[in-house]
Amino acid sequence: MENKLDKVKRILAQYKQLHLLDFVGALTIEEIENLLNQFESIDFEKMRSLYQGSVSNGKEKLSNHRDISPIHCDVLNNYNELKQKKFLEIGESVLGMGKIAVVTMAGGQGTRLGHKGPKGTFNIGYPINKTLFQLQNERLKSLSEKYKRWIPWYIMTSGEAHEDTIKYFECNNYFGYEKREVFFFQQGALPMLSFDGKILLKEKNEIYFGPDGNGSVFHSLKRSGALEDMTNKGIEWVFFTGIDNALVKMADPIFVGYAINSDVNAASKSVPKKHPEERAGVFCLKESKPSIVEYSEIPEELIRMSNANGQLLFGDVNILVHLFRISELHKIAEEGLPYHTVVKNAACIDRNGKKVEVSSYKYESFIFDAFKVLDRVAILQVVREMEFAPIKNKVGEDSPETAVRQLIQLERI
Ligand code: UTP
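A quick note: this is a predicted structure, and the numbers were derived from the prediction, not measured. (Residues numbered from 1 in each chain as written. Predicted model: local features only at pLDDT ≥ 70, side-chain atom pairs only at ≥ 80, totals over all residues. Heavy atoms only, no water.)

Novice: Which parts of the structure should I look at to understand the packing of aromatic side chains?
Specialist: One pass over the full model with this rule turns up 24 aromatic pairs. Relative to F44, the ring of Y15 lies with its centre 5.5 Å away and its plane at 25°, an arrangement referred to as stacked. Linking Y15 in the loop between α1 (4-14) and α2 (29-39) with F44 in helix α3 (residues 44-55), this pair joins segments that are 29 residues apart in sequence. On the basis of relative accessibility, which here comes to 16%, the residue Y15 falls in the buried class. Measuring from ring centre to ring centre gives 5.4 Å for Y154 and F183, while their planes differ by 40°; the resulting arrangement is tilted. With a gap of 29 residues between them, Y154 in strand β4 (residues 153-157) and F183 in strand β5 (residues 182-186) connect regions that are remote in the sequence. Taking the relative accessible area as the measure of exposure, Y154 reaches 1% and is therefore buried. Taken together through their ring pairs, the aromatic side chains of F133, W150, W153, Y168, F169, Y174, F175, Y177 and F184 make up a single cluster. Sitting above the plane of the Y208 ring, K202 keeps its charged end 5.2 Å from the centroid. (Phe/Tyr/Trp six-rings, centres within 6.5 Å; stacked < 30°, edge-to-face > 60°. Helix = DSSP H or I, 4+ residues; strand = E, 2+ residues; numbered from the N terminus. Buried < 20%, exposed > 50% of the residue type's maximum accessible area, 1.4 Å probe, protein only. Lys NZ or Arg CZ within 6 Å of the ring centre and 35° of its normal.)

In structure tokens:
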């Protein structure tokens, strides 16, 4: 009968991935076993078709452009005080009834920031001296105190960051949050590929897996039992955010009230684009459905198009703050989302067994693709300086320094 190694060799030969066994001769029996086990989770056919998609991406993009048109966004500050108060009251009553849960998507690799460990454990620095998890925790805690009930908090992690994240919360006694209301769940992962379609090795006995994008959140919520947990708790609306916006208004009651008042199934926040060339995804209609077009995908002529008032037609930036009716989450988890090709740096093992940094293809699904499955989506434009301070890079734009400066300006120290 064919042994495990021979079976793997046969499959790798079929998919032109035999290089993954280049170092088997230098590995212990245990390490070989470990490597062979990792192949079991790889769908090679799927990887081949994803790679083919990356190679023919250019052609797809051109045809997609014809389907992009501007989308209507409501502007928070265009609502008068009375209306904003109404949104607040609706949101507060729903929070008070315990019908809101929060999901933090903290499973990204944080390659650009280069922090060792989960991105949420990054300390944003002097004079704030708090980690990204702490900032979110404090805001949720103060809402919980105000509405006299703990807001269930679901934290998505990936790979080895999962255990590290739990340890971090344990060691810090959940920063005073009610432990029973914090639920950690893990997202999926896919192998990363070289530009010529070869699966990368992170170590001689370890495949290079990368988290499969924040769109993984729907399926992962369902698979982990978190969605069921929310349903059992009587949750009606779920607030989603990334981990790296130092100014995020957690479970913002005004936003919740706005969504309910608009009678939609999902809502998103946007901020105005700083300038046409800002490298950010913007809201649009794609094939008549709400969507987001990435900076790299939007055609030149659309970037600068503006209306009679000089406002950019594609000028509402996605800040990864979304709200979904819980009933819709089941639907999206069933449907599944498409994968996008993302180019990222990866420190991998080359053919000579040396660690090298290469550009690679990574496959991610994006949370906003869920809008295609929904009927009614509303977008609320908020003030950038008040709500958006992303930490993406070590230095320069969107860095800890810029975020801390914004927090200081708002006296949020
Ligand atoms: P980014 O797209 O900015 O990626 O994630 P990143 O992985 O954090 O950083 P880089 O690109 O490697 O430097 C936006 C948000 O989505 C989350 C991230 O944690 C961040 O909050 N995310 C991203 C996930 O939860 N899972 C993923 O697979 C990707």
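Novice: What should I look at first to understand empty space enclosed by the protein in this one?
Specialist: Any space left empty among the atoms is revealed by the rolling of a water-sized probe across them. Throughout the structure, instances matching the rule amount to one cavity of 30 Å³ or more. Roughly 40 Å³ of internal volume is contained in the largest cavity. Around the largest cavity, the lining residues are L95, G98, I100, R149, W150, I151 and P152. Along the lines of polarity and charge, the residues of the lining of the largest cavity split into five nonpolar, one polar and one charged. (1 Å grid on protein atoms, 1.4 Å probe; cavity = no way out; pocket = protein on both sides within 12 Å on 5 of 7 lines; lining within 4 Å. Points joined across faces, edges and corners; volume = space filled by probe spheres on them. Nonpolar A, V, L, I, M, F, W, Y, C, P; charged D, E, K, R; others polar.)

Novice: Explain the site of the ligand here, please?
Specialist: By nearness alone, 21 residues border the ligand, and T111, Q187, G213, K344 and K392 come closest of all. Between the ligand and M105, the relevant distance is 3.0 Å, taken from an oxygen atom to a main-chain nitrogen or oxygen of the residue. One of the backbone N or O atoms of R112 is found 2.8 Å from an oxygen atom in the ligand. Protein chains bury 91% of the 570 Å² of accessible surface belonging to the ligand in isolation. For the shell around the ligand, a count of residues per class yields six nonpolar, nine polar and six charged. (Near = heavy atom within 4 Å. Polar contact = N/O pair within 3.5 Å; in protein donor to acceptor, adjacent residues only side chain to side chain. Areas by Shrake-Rupley, 256 points an atom, 1.4 Å probe, with all protein chains shown as cover.)

Novice: So what exactly am I meant to see when it comes to the packing of α1 against α2 here?
Specialist: Angle between the axes and distance between the axes are the two parameters that describe a pair of packed helices. Where α1 meets α2, the axes come as close as 11 Å, and the angle between the chain directions of the two elements is 45°. The angle between α1 and α2 falls in the class oblique. Note on packing geometry: the crossing formed by α1 with α2 is left-handed. On α2, the residues that touch K4, L5, V8 and L12 of α1 are E33, L36, N37 and F39. (Axes fitted to C-alpha atoms, helices over the stretch in contact; angles between N-to-C directions. Parallel < 35°, antiparallel > 145°, perpendicular 65-115°, else oblique. Left-handed = near helix turned anticlockwise from the far one by under 90°. Contact = heavy atoms within 4.5 Å.)

Novice: How should the pattern of salt bridges be read in this particular structure?
Specialist: Any two side chains of opposite charge can pair, so long as their charged atoms come close to each other. In this structure the tally under the stated criterion is 30 salt bridges. One salt bridge in this structure joins R325 and D263, with 3.7 Å as the shortest N-O distance. A residue pair is termed long-range when its members are at least 10 positions apart, and R325 in strand β14 (residues 316-325) and D263 in the loop between α10 (253-261) and β11 (266-272) qualify at 62 residues. R325 gets classed as partly exposed once you look at its relative accessible area, which sits at 23%. Taken together, the shared-partner salt bridges in this structure form one network comprising K249, D252, K269 and E387. (Salt bridge = Lys/Arg side-chain N within 4 Å of Asp/Glu carboxyl O.)

Novice: Looking at this structure, I do not really get the side chain of T131. What am I missing?
Specialist: Relative to the helices and strands, T131 resides in the loop between β3 (100-105) and α6 (132-147). The residues contacting T131, other than those within four sequence positions of it, are G120, T121, F122, N123 and Y168.

Novice: In this structure, what is going on with unusual backbone geometry? I would like to understand it.
Specialist: The general pattern is negative phi for most residues beyond glycine and trans for most peptide bonds. Cis geometry is found at the peptide bond from Y126 to P127, where omega equals -5°. Its place among the elements puts P127 in the loop between β3 and α6. Of note, the phi angle at K16 is positive, near 55°, even though the residue is not glycine. When you line up the elements, K16 lands in the loop between α1 and α2. The class for K16 is exposed, based on a relative accessible area of 60%. One non-glycine residue with positive phi stands out, namely E287, at about 50°. Residue position: E287 is located in the loop between β12 (282-286) and β13 (289-293).

Novice: Help me understand the pairing of strand β17 (residues 377-381) in this model?
Specialist: Side-chain direction in a regular strand flips from residue to residue, so the side chains alternate between the two faces of the sheet. With five of five residues buried, β17 is to be regarded as a mostly interior element. Side chains V377, I379 and Q381 of β17 all project onto a buried face; the interleaved residues A378 and L380 project onto the opposite face, where all are buried too. Bridge count between strand β2 (residues 74-75) and β17: two bridges; the pairing is parallel. Paired with V75 across the bridge in β17 is Q381. As defined by bridge partners, β11 adjoins β17 across five bridges and the pair is classed as parallel. When the bridges of β17 are listed, S270 appears paired with Q381. (Pairing = 2+ DSSP bridges.)

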